[in-house]
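Descriptive analysis of the structure
Letter by letter, the chains look like this.
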Amino acid sequence: IDQSKIRNFSIVAHIDHGKSTLADRIIEMTGLLTSREMQSQVLDNMELERERGITIKAQACRIIYNAQDGQEYILNMIDTPGHVDFNYEVSRSLAACDGAVLVVDATQGVEAQTLGNVYLALDDDLEIVPVINKIDLPSADPQRVIEEIEDIIGIEAQDAPQISAKTGEHVDQVLEAIVRKIPAPKGDRNAPLKALIFDSVYDSYKGVIISVRIMDGKVRRGSRIKMMATGAVEEVVEVGYFGPGQFIPCDELDAGMVGYITASIKNVSSTRVGDTVTEADRPCEKALPGYKKVQPMVYCGIYPADSAKYQDLRDALEKLQLNDASLSYEPETSAALGFGFRCGFLGLLHLEVVQERLEREYDLDLVTTAPGVVYRVHKTDGSMMELTNPSNLPDPSEIDYMEEPVVRAEIMVTTEFVGSIMQLCEERRGVYIGMDYMEQTRAVLHYRLPLNEIIYDFFDALKSRSRGYASLDYELDGYQRSDLVKLDILVNKETVDALSFIVFADSAYERGRKMCEKLKEEIPRQLFDIPIQAAVNSRIIARETVKALRKDVLAKCYGGDISRKKKLLEKQKEGKKKMRQIGSVEIPQKAFLNVLKLD
Ligand code: GTP
């Protein structure tokens with residue numbers, strides 16, 4: 001294939017501006033699928049993505065396009081997620097491309113993640129092709145949005161295609177712009193193989209499937225390849241490219257192409273996203289720069305509901321990590337929950353998605369502990385420890401001071417809501433840095449905020465206080481000293497380690513009280529009174545009591561027939577499996593999750 005006829009691009013946008021819809025239209029228009037075969041959001045093929053209507057995983061697809069110049073082009077398109085939690089996924093996809101189509105909603109204009117994505121694309125020196133979407137809507141104002149793109153982002157946008165991804169209007173102009181503006185790949189076909197692994201997935205038939213962008217050289221069935229970072233050498237079993245939601249084998253992938261490789265990869269851990277694939281016998285000189293290692297922002301413990309499933313959970317995590325390089329995990333034990341893993345995530349949405357994927361794709365029942373950020377504990381002996389699990393907090397007498405992570409947040413909002421958003425930021429211990437006006441009606445607020453104030457419900461609060469008009473982007477900005485304490489929850493006088501977490505000292509009382517109230521609702525009454533207490537440094541700050549049960553459950557069956565009685569006991573036994581024994585008290589599994597959802 002002639003390299004000058006290849007275009008590799010990603011579609012990026014702020015959430016809901018219409019990337020996936022545009023990807024669908026492009027697939028339909030280029031005849032890959034007829035409109036009858038078309039189901040909406042073809043590339044969002046994960047069940048979870050369809051349910052939630054969001055893109056979680058980047059997906060690649062190869063398209064043949066007959067351009068107006070009479071030539072046939074091969075377009076490799078990668079649809080990417082929009083939510084800030086999945087930024088890492090975006091930056092990985094971009095590194096495999098030569099250009100990015102930037103979709104901007106004509107009714108909304110430039111939003112926080114529009115900018116965020118532009119910066120990611122510029123990091124990779126990509127050509128940016130702006131596209132104005134949703135012009136079919138009555139409130140669309142394309143000219144204003146074009147000016148915004150030029151003012152705020154600083155790229156030429158007068159000739160940006162103005163389209164409706166929904167109706168298909170002018171989508172052909174997007175394809176023409178891709179062909180004309182995005183540069184063709186430039187790789188040396190005869191040089192040693194050099195390919196970037198930008199994704200991978202575990203398939204029960206094919207084994208590990210790696211997605212690659214070939215920078216130089218070529219690869220075919222039978223080639224002996226080497227993973228440069230891990231040193232693993234494998235024989236290629238199959239190469240191919242991506243159809244919509246499927247793998248299509250081909251003879252060879254060469255410089256400039258995007259496709260997949262399967263090999264006799266036995267050890268899942270020998271492939272690493274970001275690594276360079278080369279030839280075993282003729283390695284290239286230098287590996288590609290790869291990706292920055294991601295810093296998880298949020299940690300929590302994940303435990304199998306049935307402790308016999310520990311090994312299954314380990315296997316599932318290992319396979320899921322292949323497909324989600326931003327997930328990290330290591331084994332830990334909890335007195336309350338037994339053997340499990342401490343896992344790191346990019347945000348709370350990411351955590352939820354991973355938990356759901358583990359439960360659905362690997363058929364596991366899980367219990368998660370309170371999510372928290374990484375604190376730094378400076379001890380009196382001068383050493384510092386990074387704390388990801390609150391249970392490991394040293395005795396207060398050994399602690400000199402503690403620090404918590406802070407972020408730099410950019411919040412875009414229409415001017416009428418600036419006041420209420422500023423108030424929200426103050427409540428969350430934010431420090432005001434400044435404000436810029438983008439036009440008369442919109443502003444960007446800059447704040448420094450503690451990460452643990454924004455990971456839980458900040459996003460929702462932002463939306464509800466601005467009637468959906470505010471958008472947020474943030475990045476980690478170091479640590480700050482802070483007055484933090486560990487809040488423990490005691491059930492029947494025993495500390496439940498899975499419920500301990502670190503809070504800002506001034507919020508401890510409020511938080512503790514709410515958790516006790518919530519737990520009281522969750523724990524079924526038993527034969528004795530159960531005190532539920534919240535404590536800071538062994539000092540009780542809140543208490544609730546689950547009153548003792550008076551009646552025998554079987555009493556109502558008294559004199560009744562024996563099979564009914566049996567059934568009742570049977571049902572209780574079932575229920576017991578979903579219980580956790582804490583000392584002499586049984587706590588329902590769902591309580592662990594529910595008490596964390598406070599607000
Ligand atoms: P994420 O994948 O979650 O990041 O979102 P996205 O940017 O891919 O947005 P998606 O394609 O899912 O579209 C969001 C919503 O906008 C959907 O309800 C679409 O039907 C709608 N939409 C997309 N394009 C258009 C358009 O041109 N006109 C109208 N009226 N609606 C559109």
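That block above? That's the structure.
Below, the structure is looked at part by part. A quick note: this is a predicted structure, and the numbers were derived from the prediction, not measured. (Residues numbered from 1 in each chain as written. Predicted model: local features only at pLDDT ≥ 70, side-chain atom pairs only at ≥ 80, totals over all residues. Heavy atoms only, no water.)

Two modes of strand pairing occur in sheets, parallel and antiparallel, and in both the strands are linked by backbone hydrogen bonds. Reading across the sheet, the four strands line up as E16-E17-E15-E18 and stay open at both edges, with antiparallel pairing between neighbours. Because the sheet does not close on itself, it has two edges, and the strands there are strand E16 (328-334) and strand E18 (366-368). Across the sheet, the mean angle separating the axes of adjacent strands is 30° when strand polarity is ignored. As paired strands, strand E15 (residues 298-304) and E18 are joined by three bridges and run antiparallel to one another. In the sheet register, Tyr-303 faces E18, and the bridge partner there is Val-367. (Pairing = 2+ DSSP bridges. Helix = DSSP H or I, 4+ residues; strand = E, 2+ residues; numbered from the N terminus. Axes fitted to C-alpha atoms, helices over the stretch in contact; angles between N-to-C directions.)

Looking now at the nonpolar core. Membership of the largest hydrophobic core comes to 50 residues, with the highest contact counts inside it found for Leu-358, Ile-411, Ile-421 and Phe-458. Among the elements that take part in this core, strand E21 (residues 399-414) stands out by supplying six residues, more than any other. Once you skip the residues sitting within four places of it in the chain, Leu-358 turns out to touch Ile-302, Leu-313, Ala-316, Leu-317, Leu-320, Asp-363, Leu-364 and Leu-366. With 34 residues, the next largest nonpolar core counts Ala-96, Ile-155, Ile-209 and Met-412 among its residues. (Core = buried A, V, L, I, M, F, W, Y, C linked by side-chain atoms within 4.5 Å. Buried < 20%, exposed > 50% of the residue type's maximum accessible area, 1.4 Å probe, protein only. Contact = heavy atoms within 4.5 Å.)

What follows deals with the sheet that holds strand E2 (residues 59-66). In space, the five strands of this open sheet follow the order E2-E3-E1-E4-E5, with mixed pairing throughout. Unpaired on one side and paired on the other, E2 and strand E5 (127-133) mark the two borders of the sheet. Neighbouring strand axes in the sheet, compared pairwise and without regard to direction, differ in orientation by 30° on average. Across five bridges, the pairing between strand E1 (residues 6-13) and strand E4 (residues 99-105) is parallel. Looking at E4, one finds that Ala-13 is bridged to Val-103. Sitting on the sheet, helix H5 (residues 142-153) touches E4 and E5, and the angle it makes with E5 is about 155°. Contacting E1, E2, strand E3 (72-79), E4 and E5, helix H6 (residues 171-181) crosses the sheet at an angle of about 170° to E5.

To continue, consider the pairing of E1. Along a regular strand, successive side chains alternate from one face of the sheet to the other. In terms of burial, E1 is largely enclosed, as eight of its eight residues are buried. Residues Ile-6, Asn-8, Ser-10 and Val-12 of E1 are buried on one face, and the alternating residues Arg-7, Phe-9, Ile-11 and Ala-13, pointing to the opposite face, are buried as well. With six bridges joining them, E1 and E3 adopt parallel strand pairing. Looking at the pairing, Ser-10 lines up with Ile-78 of E3.

Turning our eyes to something else, we now look at the environment of Ser-20. Mapped onto the fold, Ser-20 is located in helix H1 (residues 19-29). Accessibility expressed as a relative area gives 9% for Ser-20, which makes it buried. Along the backbone, Ser-20 and Leu-462 are 442 residues apart, and their C-alpha atoms lie at a distance of 25 Å.

What follows concerns the side chain of Ser-466. Structurally, Ser-466 is set in the loop between helix H11 (458-465) and strand E24 (471-482). From its side chain, Ser-466 meets the backbone oxygen of Leu-462 in a polar contact 2.8 Å long. Excluding its chain neighbours within four sequence positions, the residues that come into contact with Ser-466 are Val-413, Phe-417 and Ile-421. (Polar contact = N/O pair within 3.5 Å; in protein donor to acceptor, adjacent residues only side chain to side chain.)

Before going further, it helps to examine a nonpolar patch on the surface. A cluster of nonpolar side chains, Leu-527, Phe-528 and Leu-549, forms an exposed patch at the surface whose accessible area comes to about 270 Å². Considering the arrangement of structural elements, one finds Leu-527 in the loop between helix H12 (508-522) and strand E28 (530-536). What makes Leu-527 exposed here is its relative accessible area of 68%. (Patch = residues over 30% accessible without salt bridge, like charges linked within 9 Å, V, L, I, M, F, W, Y side chains within 5 Å. Areas by Shrake-Rupley, 256 points an atom, 1.4 Å probe, with all protein chains shown as cover. Salt bridge = Lys/Arg side-chain N within 4 Å of Asp/Glu carboxyl O.)

With the rule as written, the count across this model stands at 25 salt bridges. One salt bridge connects Arg-213 with Asp-98, and the closest N-O pair in it is separated by 3.4 Å. Here Arg-213 is found in strand E7 (residues 207-216), whereas its partner Asp-98 is found in the loop between helix H3 (87-94) and E4, with 115 residues between them in sequence. The exposure classification of Arg-213 matches that of Asp-98, with both residues buried. Of the charged contacts, one joins Arg-429 and Glu-453 as a salt bridge, the two residues approaching to 2.9 Å between their closest N and O atoms. Placement of the pair is Arg-429 in the loop between helix H9 (418-427) and strand E22 (431-437) and Glu-453 in helix H10 (residues 451-454), with a sequence separation of 24 residues. A single network of salt bridges, built from pairs that share partners, joins Glu-111, Asp-141, Arg-144, Glu-148 and Arg-442.

These figures come from the coordinates and say nothing about function on their own.
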